[in-house]
Amino acid sequence: MKAYLLLYNGACMLGWLFCVLRAGQMLLGGSTYAQIYGEIGMVLMASQTAMCLEILHSLIGLVPSPVGVVTLQVGSRIFIVWGHLYWVPECQSHWSFMFITFSWGITEVVRYLFYFCSLLGGVPYPIFYLRYSMFMVLYPSGITGEIFQTLVGMGAYWKLSNPLWYRLSLITLLLYVPGSPGMIGNMLGNRKRSFKKRNETKVVLSGVVWPKTKKGDRSSMSTNQKMLAAAAAKGPGGEEAASKILKEKKWRFAYNKHLLEHVSQSLQSEAGCIAMARAGLESAQESFQFIRDGHEEMSMKVAMEKLGTNPFDSAEVCGVKDAPSKRELSLTYGAPMLGAPYYKFKAQRNTKITGMDLRKQLDKWGEYGTVEQDVVDALKTLQGKQDEWLDLSDMYFVLLGAASAMGPLHFLLSLGANVIAIARPKALMGILKQAKNGPGKVIFPVAKGTDWKGLLAKGDYDALAKVSGCDLMTQTPEIAAWVAAVAPGKRLTIGNYTYLDGALHVQVAVACDCIMQRLCKERKDTALAFLGTPTDAHVVTKEAAAAAIEAHKTAPVWMKIWEGVGVLKRNKALTSNGIEFMDAIVPDQGPNYILSKRLQHWRAMVARADGHAASSNVSPSTATSSVTSNASFAAAYGGMHIFKPLEVVYQELSLSMMAALLIHDLRNPASAAQPATKLQHPLCLFQATSFHGGIWRCPYTIATIGIPCALKFYLTTFWMHIFVAFVALASTVQYGMYGTLPKAVGQALSLIPAALVQQVSAPLVSLAAALSVPL
């Protein structure tokens, strides 16, 4: 196939190169446009028609280009050359012929040369730069040429000889209005991604990295598999289960079924579950590598031992405000959203509910099915002891990723807690400024010997930023050493609130795990904290499993129709060793996201088994800015309320709810987080006090409801736009087939004053004449 692609790209490049050079030579020699067409026309037609093969290349996976984009690009040009240029002499003699010749020709010479060099193993930078830069000029000029070729062909030939093709050409021209910006936008996106990827190859790796694979790259998929296989090998399935995982050829698309089997195997016994968790964590620390200048690449396990010295002093900022005299539990919840779209309550999202209003709302959530009863009981218990338990002046929290959008920083500081902030310098400065105006205290790392007190006294945060903060990915061993020594004699609660995209999420999860392991080893009273995701495979209560079955039985007809056509999948609990668990994995999130969460699950269970408190409450689907910036997610979230008892919440509620449950877990000696509390199984830790947002009790799986939810959102929010688009489409189809418009549309257009039509059309007629476009 490589030889074929080299031949194809080389031949096409030569064809276009001939067209450009010969056309330029003849143009400079004074030849007419028609004469130039006579010389290069057939070569141009052949070169352009050969591009139809690229649709096939994309379709069969020979090249990675999107089929839709390639079809649109090739199809628009085939429409020009075979729909107008070949048949209409006026097109061949029009100036726009030169526009498409040079715009298309130069673009394709560079593009095919780029592909040719790429197949040979490397693209010189000048060719790379031209490939992703020249389109900014050549696309607009080429599109201009295409439009005028169409206009000339329509007016000079097709209007009388074939009215149907005339009308279809007019419709095609209208498609250029949305299509042209889309094509240019697509290339701008390609340019950004390509330059980023090329520059990334020059970045020197440092800190926590994925291990090299057999191919010599640092792909995440094979390591992802190996870690889950290492855990499986210590479970009841043994090496047979591990082998089954390692034999999976399409891990990206099949990881979820192996994860469900992992949970099922883990539920077979408590001892087996803990053994699997320990093996998974050990595999992570032995597999992941650490890179630092002056040292050979080493495993994370070795790096934590070899480089774990403390280069930091401890600095602190104490808030100027006194702690509140009366402590009262409050949740930030704008309105009773149950059964309604969350976005309608945006204006009330910062409203705080307390006292009896809070208790009533907790009961409503429990009755509706948004939470389980133990969440209601836990928060009522916390509220009953709020004056005592919400005094956090004696508590110390290590926040890994302290500036995270989903972290408890603000909640903790507002109640006078001592926060040990692990964050990069820029983020840390924002934290310090926030802490200064509250009742809490922030402890943070600074370079040894720094006069941090003097810098704070002068308010010189810029200078302080240069010598404070740290990087979890590149300073993991040193951070662990500093955290192990900070606030001596105090009980620390260390929480992982980090999030990064893709493979980086696993890297930072491994870094946090290494820090947690050392802290647990050196300070036996350490407590751990995590935020669980609702889109995972969790043990569920029998009540929740039964509620999902009942909800499916009573689901409305429209849901049954969606299920019948294969869109919706029933939400039915799976059972292992008499314990029920729910598949709420969303495969599109990818195996790296699930692996990062699995690392957290493993660490929480292992730490709890070793005598440490471990809080890991599931947070609900939250409409953060990063999530809703994705149009698809925003649409799905906007319609989720139609699947009772799902509820999407704003970030403010998630933050206050998760922080309140964390305090309950740490303060209540009977909470599931406490190692002395007997659980049916270690995985039940993630079942307890879960604010799952209704996912466990929904009649259909969270992974399959996206299309109906998005459709509901679009029909509700954009019904007028959809109606107008439908009328426009119907009018276009009728005009294309019969040359008439729907009666109602024609009557509406007839209301436009004739004088206005004349006033608008006159300049266009003059412009057409000036550009040699027949009408």
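Going by the structure above, here's the rest.
Described in the following lines is the structure provided in the data block. (Residues numbered from 1 in each chain as written. Predicted model: local features only at pLDDT ≥ 70, side-chain atom pairs only at ≥ 80, totals over all residues. Heavy atoms only, no water.)

Quick notes on the overall build of the protein chain
- When you go through the protein chain residue by residue, the secondary structure sums to 33 helices and 15 strands.
- Principal-axis analysis of the C-alpha atoms places the extent of the protein chain at approximately 90 × 65 × 65 Å.
- Counting all 775 residues of the protein chain, 52% fall into the buried class.
- Of the contacts made within the protein chain by residues no fewer than 6 positions apart, 77% connect residues no fewer than 24 positions apart. (Helix = DSSP H or I, 4+ residues; strand = E, 2+ residues; numbered from the N terminus. Buried < 20%, exposed > 50% of the residue type's maximum accessible area, 1.4 Å probe, protein only. Contact = heavy atoms within 4.5 Å.)

Some thoughts on the sheet that holds strand E15 (residues 614-618)
- The strand order across the open sheet formed by seven strands is E4-E9-E8-E7-E10-E11-E15, and the pairing between neighbours is mixed. The sheet terminates laterally at strand E4 (312-318) and E15, the two strands that pair on one side only. Across this sheet, the average inter-strand angle for adjacent strands is 25 degrees, counted without regard to direction.
- Two elements, strand E7 (residues 396-400) and strand E8 (residues 418-422), share five bridges in a ladder whose sense is parallel. Paired with Leu-400 across the two strands is Ile-422, which belongs to E8.
- Here helix H19 (residues 425-436) sits on the sheet in contact with E4, E8 and strand E9 (441-447), set at roughly 145 degrees to E9. (Pairing = 2+ DSSP bridges. Axes fitted to C-alpha atoms, helices over the stretch in contact; angles between N-to-C directions.)

Things to note about the environment of Leu-428
- Residue placement: Leu-428 occurs in helix H19.
- Judged by relative accessible area, Leu-428 falls into the buried class, the value being 0%.
- The spatial distance from the C-alpha of Leu-428 to the C-alpha of Met-559 is 48 Å, given a sequence separation of 131 residues.
- Dropping the residues within four chain positions of it, Leu-428 is found in contact with Ala-421, Ala-423, Phe-444, Ser-468 and Gly-469.

Let's talk about the packing of helix H22 (residues 476-485) against helix H23 (residues 503-522)
- Closest axis-to-axis distance for the H22/H23 pair is 9 Å, and the angle between their directions is 30 degrees. It follows that H22 is roughly parallel to H23 by the angle criterion. Classified by chirality, the crossing of H23 by H22 is right-handed. On the side of H22, the interface is formed by Thr-476, Pro-477, Ile-479, Ala-480, Ala-481, Val-483 and Ala-484, while H23 contributes Ala-511, Cys-514, Ile-515, Arg-518, Leu-519 and Glu-522.
- Here the contact of H22 with H23 is built from residues that sort into ten nonpolar, one polar and two charged. (Parallel < 35°, antiparallel > 145°, perpendicular 65-115°, else oblique. Left-handed = near helix turned anticlockwise from the far one by under 90°. Nonpolar A, V, L, I, M, F, W, Y, C, P; charged D, E, K, R; others polar.)

A few points about the pairing of E8
- With five of five residues buried, E8 lies mostly within the body of the structure.
- What you see with E8 is no split at all: Asn-418, Ile-420 and Ile-422 on one side and Val-419 and Ala-421 on the other are buried throughout.
- Tracing the backbone out of E7, into helix H18 (residues 409-414) and back to the parallel element E8 gives a crossover that is right-handed.
- Relative to E9, E8 runs parallel, the two being bridged by three bridges. What sits directly across from Asn-418, in E9, is Lys-441.
- Once the chain exits E8 it traverses H19 before rejoining the sheet at E9, and the crossover so formed is right-handed. (Right-handed = clockwise from strand over helix to strand, strands pointing away.)

A look at the pattern of salt bridges
- Here the structure, examined in full by the defined rule, presents 20 salt bridges.
- Note that Glu-297 and Arg-218 form a salt bridge whose closest N and O atoms lie 2.9 Å from each other. Here Arg-218 lies in the loop between strand E1 (207-209) and helix H10 (220-233) and Glu-297 lies in the loop between strand E2 (289-291) and strand E3 (298-299), a separation of 79 residues in the sequence.
- You can call Glu-297 partly exposed: its relative accessible area is 35%.
- Using a relative accessible area of 21% as the deciding quantity, one classes Arg-218 as partly exposed. (Salt bridge = Lys/Arg side-chain N within 4 Å of Asp/Glu carboxyl O.)

Side note on the packing of aromatic side chains
- Applying the stated criterion across every chain, the model contains 32 aromatic pairs.
- Relative to Tyr-112, the ring of Tyr-8 has its centre 6.0 Å away and its plane inclined at 80 degrees; by these criteria the two rings are edge-to-face. Of this pair, Tyr-8 sits in helix H1 (residues 2-28) while Tyr-112 sits in helix H6 (residues 96-119), and the two are 104 residues apart along the sequence. In this structure, Tyr-8 and Tyr-112 share a single accessibility class: buried.
- Through a chain of ring-to-ring contacts, the aromatic side chains of Phe-114, Tyr-115, Tyr-125, Phe-128, Tyr-129, Tyr-132 and Phe-195 assemble into a single cluster.
- Sitting over the face of the ring of Tyr-112, Arg-111 holds its NZ or CZ atom 4.6 Å from the ring centroid.
- Over the ring of Phe-114 we find Arg-131, and its NZ or CZ is 5.7 Å from the ring centre. (Phe/Tyr/Trp six-rings, centres within 6.5 Å; stacked < 30°, edge-to-face > 60°. Lys NZ or Arg CZ within 6 Å of the ring centre and 35° of its normal.)

Digging into the sheet that holds E3
- Across the sheet, which stays open at both edges, the three strands sit in the order E1-E2-E3 with antiparallel pairing between neighbours. Single-partner strands in this sheet number two, and they are E1 and E3.
- Pairing of E1 with E2, which is carried by three bridges, proceeds in the antiparallel orientation. Directly across from Val-208, in E2, lies its bridge partner Phe-290.

Considering unusual backbone geometry
- At the junction of Lys-644 and Pro-645, the peptide bond is cis and its omega measures out at 10 degrees in the coordinates.
- Note that Pro-645 resides in the loop between helix H28 (631-639) and helix H29 (651-667).
- With a phi angle near 45 degrees, Ala-487 is a residue other than glycine that sits in the positive phi range.
- Here Ala-487 shows up in the loop between H22 and strand E10 (492-496).
- With phi around 40 degrees, Thr-689 is a residue other than glycine that occupies positive phi space.

Structural notes on the side chain of Thr-223
- Mapped onto the elements of the fold, Thr-223 is located in helix H10.
- Those residues within four positions of Thr-223 in sequence are excluded, and the remaining contacts are Trp-210, Pro-211, Ser-287 and Phe-288.

Quick look at H1
- For H1, which comprises 27 residues, the first-to-last C-alpha distance of 39 Å matches the rise-based estimate of 39 Å (1.5 Å per residue) to within 8%.
- Positioned one or two residues after H1, Gly-30 has a phi angle of 90 degrees, which is positive. (Expected span 1.5 Å × (residues − 1).)

Comments concerning the environment of Thr-717
- As for its position among the elements, Thr-717 is in helix H30 (residues 706-717).
- As for Thr-717 and Ala-635, which are separated by 82 residues in sequence, their C-alpha atoms are 9.7 Å apart.

So, the packing of helix H2 (residues 33-50) against helix H3 (residues 52-59)
- Look at H2 against H3: their axes get within 4 Å of each other, and the N-to-C directions meet at 10 degrees. Looking at the two axes, H2 sits roughly parallel to H3. Of H3, the residues touching H2 (which contributes Gln-48, Thr-49 and Ala-50) are Cys-52, Leu-53 and Glu-54.
- Per-class residue counts for the contact of H2 with H3 are three nonpolar, two polar and one charged.

Details of the pairing of E9
- Of all seven residues in E9, six are buried; the element is thus mostly enclosed.
- One ladder, built from seven bridges, connects E4 with E9; its direction is antiparallel. Across the sheet, the residue bridging to Glu-316 is Ile-443, located in E9.

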